[in-house]
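# Overview (structure and organization)
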Amino acid sequence: MRDEAIHLVDDDGAVRDSIAFLLESAGYRVVTYGNPHAVLAALRAGVSMSCLITDVRMPEMDGLQLVRESRALDPDLPIIVITGHGDVPLAVEAMKIGAADFIEKPFDDQHLIRALRLALSAAPRATDDHADIRRRLDQLSAREREVLQGLVDGHPNKVIAWRLNISPRTVEVYRAKAMTKMGAGSFAELVQMAILADLRFAPSLVPRDPGDEN
């Protein structure tokens, strides 16, 4: 049986205390850590965590490595990654290796609470759900698919914009349209759908920088 506590790691004490206060105010019991090694030590000691919430940028270990090592110790552990806008590619990669969700800073309190509730209640999607996701993907325009592919590949908006010869703002517009058509409530859910459906579009849809060949 899993511990009912939410385990939270962030090297910034003020941020850690703020998030802990929010979660406790919502009725959750919270255990906090100042560094990711303490989380791994707890898992190795047999602590069964209800959910782990981690920042991406930490001096001793980044969130991606923590997700990978935590999932190796507890494959069923729900993990929520909190990230700054510049860390989106890293957070996307975290989802590919098993994170339940990621939340971009700044976020409002209810966004985190909702993500936590979903992570705690999440169940694997059925095969029929996969087929439904594929049907939704088929409704996307060619440009929306190009943008979505770039996002799933972990590219920030400015890189996708450069490769498609459009503005970053236009990338955001196509991203929003893709979310609506896919029925995704968040960017994380959109990426998760694409990953579950094993999204693969033709490489030629997203032109490569000639320098990438070097």
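Read on for an overview of the structure.

Conventions and cut-offs
- Residues numbered from 1 in each chain as written.
- Predicted model: local features only at pLDDT ≥ 70, side-chain atom pairs only at ≥ 80, totals over all residues.
- Heavy atoms only, no water.
- Buried < 20%, exposed > 50% of the residue type's maximum accessible area, 1.4 Å probe, protein only.
- Helix = DSSP H or I, 4+ residues; strand = E, 2+ residues; numbered from the N terminus.
- Pairing = 2+ DSSP bridges.
- Axes fitted to C-alpha atoms, helices over the stretch in contact; angles between N-to-C directions.
- Core = buried A, V, L, I, M, F, W, Y, C linked by side-chain atoms within 4.5 Å.
- Salt bridge = Lys/Arg side-chain N within 4 Å of Asp/Glu carboxyl O.

Bringing helix α7 (residues 142-152) into the picture now. The element α7 is extensively covered by neighbouring structure, given that eight of its eleven residues are classed as buried. Of the residues making up α7, those classed as buried are Glu 144, Glu 146, Val 147, Leu 148, Gln 149, Gly 150, Leu 151 and Val 152. Phi turns positive, to about 90°, at Gly 154, one or two residues after α7.

Another aspect to go through is the sheet that holds strand β5 (residues 101-104). Reading across from one edge, β2-β1-β3-β4-β5 is the order of the five strands in this open sheet, with parallel pairing throughout. In the strand order of this sheet, the two ends are held by β2 (30-33) and β5, each with one partner. Neighbour-to-neighbour, the strand axes of the sheet open up by a mean angle of 20°, direction not taken into account. Pairing of strand β1 (residues 6-9) with β2, which is carried by four bridges, proceeds in the parallel orientation. If you follow Leu 8 over to β2, its bridge partner there is Thr 32.

Residues Val 39, Leu 66, Val 81, Phe 102 and Leu 190 are the most contacted members of the largest nonpolar core, which totals 47 residues. The biggest single contributor to this core is helix α10 (residues 187-196), with six residues. In this structure, Ile 6, Leu 8, Leu 22 and Ile 113 belong to the second largest nonpolar core, which totals 18 residues.

Moving on, we come to the pattern of salt bridges. Here the structure, examined in full by the defined rule, presents nine salt bridges. We note a salt bridge from Lys 105 to Asp 55, for which the minimum N-O separation is 3.4 Å. Here Lys 105, found in the loop between β5 and α5 (109-121), pairs with Asp 55, found in strand β3 (residues 51-55); they are 50 residues apart in sequence, far enough to count as distant. With a closest N to O distance of 3.2 Å, Glu 104 and Arg 175 form a salt bridge.

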